[in-house]
Every structure is written in structure tokens, then in C-alpha cells.
Amino acid sequence: MNADRTAHDEATQSAPVPVFRARGAGKQFGGDRKSTPMRALEPFDLDVHRGEFVTLIGPSGCGKSTLLRMLAGLTTPSEGTLHWWGGEFATIGAAGRRLVFVFQHPTLMPWTRVLANVRLPLDLAGTARGEANTAATRALDQVGLRGFENHYPRAMSGGMQMRVSIARALVTEPDLLLMDEPFGALDEISRNKLDGELLEWWRAQGQTIVFVTHSIYEAVFLSTRVLVMSARPGRILREVPIDEPYPRDDAFRGSERFSACCRELFALLGEASHGAQANARQGAQT
Amino acid sequence: MNTRLSRILLPLAIGVLVVSAWHGLVTVYEIPRYIMPGPSDVAQTLAQDWELLAHSLLITLRVTVMALLLAVIAGTLIAFLFVQSRWVEMSLFPYAVLLQVTPIVAIAPLVIIWVKDASIALVLCATIVAIFPVISNTTLGLRSVDPGLLDLFRMNKASRLQILLRLRIPGALPYFFGGLRIASGMALIGAVVAEFVAGTGGSGAGLAYLILQSGLQLNVPRLFAALFLITLTGVALFVIMVALSRLALGKWHESELLPEA
């Protein structure tokens, strides 16, 4: 209640309300009588602003997926507060905001055709069939899959399935897009191509994107801001802004500026994993 | 030789070989018809006693199909009940197993005593035999939901009913059809066994009773003919189930996809 009022006050006083705000939010699993507590994420503060492209990067076990799932409302923090557009998670829909999650795997329903897969969020919301079909066709067109409406997912390549998954995310015209290593399973060529297209969609639509990746190159290419995380305990180690104007293309990938950003992130990630190893050793000794 | 052709030709060749050997042995050793009839004797009996055999076949078939339908309807409903709550499943599942492990021959006399109408008793016995694979497979299928898709549905604020209709049921279909395939065979076995125990004669005599009676009368060719029809029924049911499964899953499920050319 108290937290609510604070957020509300902030919303009315200081102009742009962040799309997402975390204050002292952390996550601990277990800790009941049966299991020893496992800390997945140290308490952290984070503001994500409208139109940003924020990337989370870090070694496995650093809690980046937990953080993203928190943003999606799939995981509740064990302490601290989270606010979306200055309100509680439950109020997102009522405020006319849309938040979508794109999974690591395409996560399509194998028993229905591509069109029905893309239409799913609208179908679940009870949108009229004709209207939903139009929106789904438009979304498919957007990801370059016009003419594949009647294919079954099985008949498509991994990259195309991922495009369907993204079309399904875009169909509701979301304000906040959460992506959990969406192109991690793809080959580098497909990944680079999709990264480029993702930037185009993002720039055209002006949504906010929070993106998890293992790839430093992908993080630098895409983001306005990279959050470097470290493991054991999972925490946000550093924030690295990528000051490169959009549109970004292959020329940026080959530039000195790009390499410099990558070097900086490599160094930070090295630090992150060294820290983790040291902590692990320490943990083993005690 | 291509595999599709050999899949048909090889079993056919074995069949021809066995029937010829059978015919040869019976002729060479002059085995009397009442001990071991030759294939031609069986074929002749099939033609001669067709009216009687067809009548019995219809009765057995009716019991089998009704039992299968009942098992599918009741089994699916029970599976839905099970997935609604772990408590329900925990309390009731042992009894489903109990039903499964108790030999039908042992329960059949009771059912026949309790149920006045003989054909209903037979259907009940066959249902008891056929229902378990439907329950266990469908339950497993309804539970085996892709966790990612479940998250997706929840994030889109899908209702329980929407999750059931759009996610759990389609996802359970491959498991259900696996269960159906087993259940179709079990329903036939149940129908035959129950009839053996019930010994329904007169106009209600199915194939099992015909076998029983033919054995007593040493009418072995007729026994063979009835046996042949039971086997044929079993095979036909299996083929129909496979076709149904292909019809429902052929477009999307791994188990039914033809290897790419």
C-alpha cells in the first residue's frame, strides 16, 4: 500500500514514469525446513525507460533469466518492490499496456498452423476472429513470413519458427518486449539477420525491449544499455551504455567503436566469472 | 527392394509359407479333421456356416465396440477428474490399478450374477479390461504440457477452461491415441473372456461361445473358423485405430510423420 503511494507520487511529480522500476528486489529460493536457501539474485535497483533496448549479459547462473522472469511477472521477488508503469503487475492490462515474453525456444503449438499460433494471444483475449486474422497476417508480414500462414511449425526451420514466435509477440502491439535468449539456438548468420530486423521493428514501433543473451557481440550490436551480471551470488555488476546512434548495420559491427565496447564487456565478464570462481572456492572451504 | 513393398510382401510370403506348410502336413500325415483341419476345411466351414458365424461375429463385435466406446468415454472423464487435482488422483488411482490387475475371469462371474441382462454384463466386463490404458495414457497426456506454452497461456491470462481446451487436450491427443490402440485390443479380449465365463447360448451366442460349443462337439473346423474371425476382428480394430490416429495427428505429430522423401 505504502509502496503504491510512493510510486504514484513519483508518477505525478517527476515526468517520465519508468516502464519498469525495481527497488531492492531480490530472489531467494527454498529456505524452508526442507532445503537450505539458495540465493538466485542479490537485491538490485533498476529503472528501464520507455524506448530503451536493455540487454542482460552474464555467465550462466548469474540470475539473468530470473530477473527477466521477474519483469514478466512469472517470478515474484522475495524482497523489495517492482513497479510497471508506476503500478502493480495486475494493473498492467487495465492501464492498456501490453507486456510480452519471447522464450528461448519458439514454444509454438505443434498442432495448429502458423496463423493460429500467431493469433493465440488475441484468441485468448476474445478478439473477433476476422480482426485477429488481419492482425496476425500483418505480424507475419512484418517478420517476413507472408505466405506461411497455413504451414505447420514442424515443417519450418528453427529460424523461421523463431520468427513465428516473434510475430506472436508483435501481434498484440506490446509496449514492453521481454526476450530470453531468443536467437541463442540459431546459427550466427540467422542470428545476425534477425538481430538486424529486430532493431528495425523496435525502431519502427518504439517499444521497450529487455533482452537476455550470452553473446557479447549481440549485446553491443543491439543495446542502448548493457547490464553485466555476475554469478554466485547473482547480481548486477555494472551498467555499460552503448553510445552509438541507430540505425546500426554491418558497418557498425566492423567499426573500432564496436570492438572497443566488446573489449570492455569481455573484461567485465572476465571479472564477473573470476569473482564467481573465487566465491565458489571460498564457499567450498567454509 | 523398396521398403514399402517389402513391408507388405515379406509378411505375405510368411503367411503363404505357413498356410502351405499347414496344408502339406495335414495332407501328408492324414490328420483327421476333428483334430487338425486343413486350411481348405476351415475355408469351407467359413463358407458353409457363414450365417451362424456372421451372427456370432456381430454379437461379439457389438460387445467389443460398445465396451471400447464406454471405456473411452468413462476413461477420458476419469482422466479429466484426475488432472483436476492431485488429491483426487492420489485417492482414486490405486483403485484403477486394482481394477487393472484383478483378472477379468475372476470378476466376470460376479458381474454376471449382479447384472441381469447378459449382454450388458459382457459389455461391463470388457469395459473393465479396456478402461485402464485410456485412463493412464490420457492422464499422462493431460499432465505433459510444454511448460513454456503453459507460461505463455498464463501470461495471456488464459482461463482454466482455455488452458484445458487449447493446450491440455490437443497436447494429450498423441497419448490418448496410444491408449486407444491398446484399449481396442483389450476390449476384444475382455469381450471374449467374459463370454467364455458367461457361456451365453441361444440367440445371444458370440464367437467365444461358438468356440466353446464347437470344442465340446469336436467340430474343430468351426472352432478354427471362429478363431480366425476373432483374430481378423482384432486386426481390423487395430488398423482402424491406427487410421484414426493418423487422421488426427498426421499433420503435426512425430509419431505419424512419414519419413521425408
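Think of each chain on its own: its residues are numbered from 1, step by step along the sequence as written. Note on labels: chains are lettered from A, ligands numbered from 1, in written order. In keeping with the model being predicted, local features are shown solely for residues with a pLDDT of at least 70 and side-chain atom pairs are shown and tallied solely at 80 or more, while totals for entire chains, interfaces and linings include all residues. Computation of side-chain values: all heavy atoms of the structure, hydrogens and water removed.

**As for the domain arrangement of chain A**
Residue and element names in this part refer to chain A. The cut-off we apply is this: Note that the domain bounds were set by an automatic or database domain assignment. It only takes one pair of heavy atoms within 4.5 Å for two residues to be counted as in contact. Reported buried area values correspond to the accessible surface (1.4 Å probe) lost by two parts on association, with both partners' losses combined. In what follows, salt bridge is the name for a side-chain nitrogen of Lys or Arg lying within 4 Å of a carboxyl oxygen of Asp or Glu. Two N or O atoms count as a polar contact when they lie within 3.5 Å, although within protein this holds only if one can serve as hydrogen donor and the other as acceptor, and sequence-adjacent residues are included solely when both atoms are side-chain atoms.
The domain boundaries assigned to chain A delineate domain 1 (39-81 + 91-98 + 174-273) and domain 2 (110-173). Each of domain 1 and domain 2 has a C-alpha centre, and the two are 25 Å apart. Counting residues at the interface gives 14 residues for domain 1 and 11 residues for domain 2. For the pair domain 1 and domain 2, the summed buried area comes to about 1100 Å², and 64% of that belongs to carbon and sulfur atoms. Sorting the residues of domain 1 by area buried against domain 2 places Arg 98, Pro 174 and Trp 201 first, and these three jointly supply 44% of that buried surface. Linking domain 1 to domain 2 there are 1 salt bridge. Put simply, Glu 197 and Arg 163 hold a salt bridge, and the shortest N to O gap is 2.8 Å. If you look at where domain 1 meets domain 2, you find 2 residue pairs in polar contact (both at pLDDT 80 or more).

**Things to note about the side chain of Lys 64 of chain A**
Residues and elements named next belong to chain A. Note the threshold: Secondary structure is summarised from DSSP: a helix means a run of H or I of at least four residues, a strand means a run of E of at least two, and numbering begins at the N terminus for each. Buried residues are those whose accessible area, probed at 1.4 Å on protein chains only, stays under 20% of the maximum for their type, while exposed residues exceed 50% and partly exposed ones sit between those limits. Charge assignment in this entry is limited to Lys and Arg as positive and Asp and Glu as negative, and neither His nor the chain termini are counted.
Within the secondary structure, Lys 64 is located in helix H2 (residues 64-71). Put simply, Lys 64 is tucked away with no salt bridge, and the nearest opposite charge, on Glu 181, sits 4.6 Å away. Polar contacts involving the side chain of Lys 64 include one to the main-chain carbonyl oxygen of Gly 58, which spans 3.1 Å. The contact partners of Lys 64, leaving out residues within four places of it in the chain, are Leu 56, Ile 57, Gly 58, Pro 59, Glu 181, Val 212, Thr 213, His 214 and Met 229.

**As for the packing of helix H3 (residues 114-124) of chain A against helix H4 (residues 129-142) of chain A**
All names here are of chain A. Applicable threshold: To define axes, lines are fitted to C-alpha atoms, for helices over the stretch in contact only, and angles between the resulting N-to-C directions are given on a 0 to 180 degree scale. Any angle between 65 and 115 degrees counts as roughly perpendicular, while under 35 counts as roughly parallel, over 145 as roughly antiparallel, and the rest as oblique. For any pair of crossing helices, the crossing counts as left-handed if the nearer helix is rotated counterclockwise from the farther one by less than a right angle, and right-handed if it is rotated clockwise. All amino acids are sorted into three groups, where Ala, Val, Leu, Ile, Met, Phe, Trp, Tyr, Cys and Pro are nonpolar, Asp, Glu, Lys and Arg are charged, and the leftover types, Gly among them, are polar.
Running from N to C, H3 and H4 cross one another at 120 degrees; their axes reach a closest spacing of 9 Å. The orientation of H3 with respect to H4, classified from their angle, is oblique. H4 is crossed by H3, and the crossing has right-handed handedness. Across the interface between the two elements, Val 114, Leu 115, Val 118, Arg 119, Leu 122 and Asp 123 of H3 pack against Arg 129, Ala 132, Asn 133, Ala 135, Ala 136, Thr 137, Ala 139 and Leu 140 of H4. Among the residues making up the contact of H3 with H4, the classes are represented as 9 nonpolar, 2 polar and 3 charged.

**Side note on the packing of aromatic side chains**
Residue and element names in this part refer to chain A. Applied cut-off: Think of it this way: a Phe, Tyr or Trp ring, Trp meaning its six-membered ring, pairs with another when their centres are within 6.5 Å, and the plane angle makes it stacked under 30 degrees, edge-to-face over 60, tilted otherwise. Only Lys NZ and Arg CZ are tested; either one counts as a charge over a ring when it is within 6 Å of the ring centre and within 35 degrees of the ring normal.
One pass over the structure, following the stated rule, counts 16 aromatic pairs over all chains. Between Phe 183 and Phe 211 the ring centres are 6.1 Å apart and the planes differ by 55 degrees, which places this aromatic pair in the tilted class. Linking Phe 183 in the loop between strand E6 (176-180) and helix H6 (188-205) with Phe 211 in strand E7 (residues 208-213), this pair joins segments that are 28 residues apart in sequence. Assessed through its relative accessible area of 0%, Phe 183 is described here as buried. Taken together, the aromatic side chains of Phe 53, Phe 183, Trp 202, Phe 211 and Tyr 246 make up a single cluster linked through ring pairs. A cation over a ring is seen here: Arg 248 above Tyr 246, with NZ or CZ 4.0 Å from the ring centre. Geometry around Phe 221 places Arg 253 over its ring, the cationic atom sitting 3.8 Å from the centre.

**Some details on the sheet that holds strand E8 (residues 225-230) of chain A**
Strand pairing in a sheet is mediated by backbone hydrogen bonds. Such pairs are either parallel or antiparallel. Residues and elements named next belong to chain A. To keep it simple, the criterion reads: Two strands pair if DSSP finds at least two bridges between them.
Strand order in the open sheet made by the 6 strands is E5-E6-E7-E3-E8-E9, with mixed pairing throughout. Every interior strand has two partners, whereas the edge strands, strand E5 (99-102) and strand E9 (235-241), have only one. Going across the sheet, the axis of each strand differs from the next one's by a mean of 15 degrees, ignoring polarity. The sheet contact formed by strand E3 (residues 53-57) and E7 spans 5 bridges and is parallel. Bridged to Val 54 within E7 is Val 210. Strands in contact with helix H5 (residues 158-170) are E5 and E6; relative to E5, the strand with the most contacts, it is inclined by about 170 degrees. Relative to the sheet, H6 contacts E3, E6 and E7, its axis offset from that of E7 by approximately 160 degrees.

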